Amino acid sequence: GESVGLHLPTLSVQEGDNSIINCAYSNSASDYFIWYKQESGKGPQFIIDIRSNMDKRQGQRVTVLLNKTVKHLSLQIAATQPGDSAVYFCAESSGANNLFFGTGTRLTVIP
Amino acid sequence: DTAVSQTPKYLVTQMGNDKSIKCEQNLGHDTMYWYKQDSKKFLKIMFSYNNKELIINETVPNRFSPKSPDKAHLNLHINSLELGDSAVYFCASSQAGGINEQFFGPGTRLTVL
């Protein structure tokens, strides 16, 4: 099966700094990627997605970068806020509505 | 209004019991899912249903049986509960027709004693 993993299981950043969360995937056939945010006691919440025909996509304070050559995905959060503290998951799919999730990175924002 | 809802939020039960978790979505989506999240936060898909038909069934023990009475509901029945079934179970839904964003419910924390 597909394998999606994260380089850093935990990440601590100062409030106001930028955060970068990385993700590696192994299935070169994956063509759709999503970042989810999961706060304590809640379900995963969609942040941003990107399809394989793009290498960058921007949202509000978030940017996702996709490097298909090295099968790497990253999530950049600008001006990190305390409310950004959560576990972040990357997920990838090669179609058929099946999403495979990575192991997650816990982001802690230090006030 | 809650888009994807699950009941109960917490479920504590003894080994060997049979239990059910209910899920409902009011988004008009055609596809619904069940995921299991273990104590290390690893999320793994269990089942996927499209228009009341099973389309994905990962390697899940047959003690777990999803039931979809209509496309807005996907319930999860678990027979003969085991200690290892303790986890948080998430229901999700998405539009059909290829991969789309999945909307997750709040989760059901199942504890088997």
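Anyway, here's the lowdown on the structure attached to this text. (Residues numbered from 1 in each chain as written. Chains lettered and ligands numbered in written order. Predicted model: local features only at pLDDT ≥ 70, side-chain atom pairs only at ≥ 80, totals over all residues. Heavy atoms only, no water.)

1. Things to note about the pairing of strand β4 (residues 31-37) of chain B
All names here are of chain B. Heads up, the rule is: Working definition: with a 1.4 Å probe on protein chains only, accessible area under 20% of the residue-type maximum means buried, over 50% means exposed, and in between means partly exposed. Under the DSSP-based scheme used, a helix requires at least four consecutive residues in state H or I and a strand at least two consecutive residues in state E, with every element numbered from the N terminus. One bridge is not enough; two strands pair if DSSP finds at least two bridges between them.
The buried fraction of β4 amounts to 6 of the 7 residues, a majority that puts the element mostly inside the structure. Where β4 lies against strand β5 (residues 43-50), 7 bridges are found, and the strand directions are antiparallel. Within the sheet, the bridge partner assigned to K36 lies in β5 and is K44. Between β4 and the antiparallel strand that follows it, β5, lie 5 residues; K41 among them carries a positive phi value of about 75°.

2. So, unusual backbone geometry
The omega torsion across T7 of chain B and P8 of chain B is -5°, close enough to zero to call that bond cis. Phi angles above zero are rare outside glycine, and A79 of chain A is one such case at about 45°. Its relative accessible area of 36% is what places A79 of chain A among the partly exposed residues. Positive phi outside glycine occurs at K41 of chain B, with the angle close to 75°. Judged by relative accessible area, which is 25%, K41 of chain B ranks as partly exposed.

3. Things to note about the side chain of T108 of chain B
Residues and elements named next belong to chain B. Here is the rule: Here a polar contact is taken to be a pair of N or O atoms separated by no more than 3.5 Å, where protein atoms must pair a possible hydrogen donor with a possible acceptor and residues adjacent in sequence count only if both atoms sit in side chains. By definition, residues are in contact when any of their heavy atoms lie within 4.5 Å.
Relative to the helices and strands, T108 is located in strand β11 (residues 108-112). Its relative accessible area of 0% is what places T108 among the buried residues. For T108, the side chain forms a polar contact with the side chain of Q6, separated by 3.1 Å. A polar contact is formed between the side chain of T108 and the backbone oxygen of P8, at a distance of 2.6 Å. In this view, T108 contacts Q6, T7, P8, K9, L11, I21, A87, V88 and Y89; residues no more than four positions away in its chain are not counted.

4. Regarding the interface of chain B and chain A
Which entries qualify depends on this criterion: Here the buried area means the combined drop in accessible surface, using a 1.4 Å probe, for two parts upon being joined, counting both sides. Throughout this description, the term salt bridge denotes a Lys or Arg side-chain nitrogen within 4 Å of a carboxyl oxygen of Asp or Glu. Under the scheme applied here, ten amino acids are nonpolar (Ala, Val, Leu, Ile, Met, Phe, Trp, Tyr, Cys and Pro), four are charged (Asp, Glu, Lys and Arg), and all others, including Gly, are polar.
Contact with chain B, which involves 23 residues of that partner, is made by 20 residues of chain A. Both faces considered, chain B and chain A share a buried interface measuring about 1,700 Å² in area, 57% of it formed by carbon and sulfur atoms. Viewed at the interface, chain A and chain B are joined by 0 salt bridges. Looking at the side of chain B that touches chain A, the elements that each hand over two or more residues are β4, β5 and β9 (87-94) of chain B. The biggest single contributor to the side of chain B that touches chain A is β4 of chain B, with 4 residues. The residue makeup of the side of chain B that touches chain A, split by class, is 11 nonpolar, 8 polar and 4 charged.

5. A few points about the side chain of S19 of chain A
All names here are of chain A. Of note, S19 is situated in strand β3 (residues 19-25). Taking relative accessible area as the criterion, S19 reaches 1% and is therefore assigned buried. Those residues in contact with S19 that lie beyond four places of it in its chain are L11, V13, L75, Q76, I77, T80 and L107.

6. What about the packing of aromatic side chains?
Here is the rule we go by: Any two of the Phe, Tyr and Trp rings considered here, Trp counted by its six-membered ring, make a pair once their centres fall within 6.5 Å; the pair's planes then place it as stacked at under 30 degrees, edge-to-face at over 60, or tilted in between.
Throughout the structure, instances matching the rule amount to 11 aromatic pairs over all chains. Their ring planes at 80° and their centres at 6.1 Å tell us that F89 of chain A and F101 of chain A sit as a pair that is edge-to-face. On the criterion of sequence distance, the pair formed by F89 of chain A in strand β9 (residues 86-93) and F101 of chain A in strand β10 (residues 100-101) is long-range, its members being 12 residues apart. You can call F89 of chain A buried: its relative accessible area is 0%. Taken together through their ring pairs, the aromatic side chains of Y36, F46, F89 and F101 of chain A together with Y33, Y35, F90 and F104 of chain B make up a single cluster.

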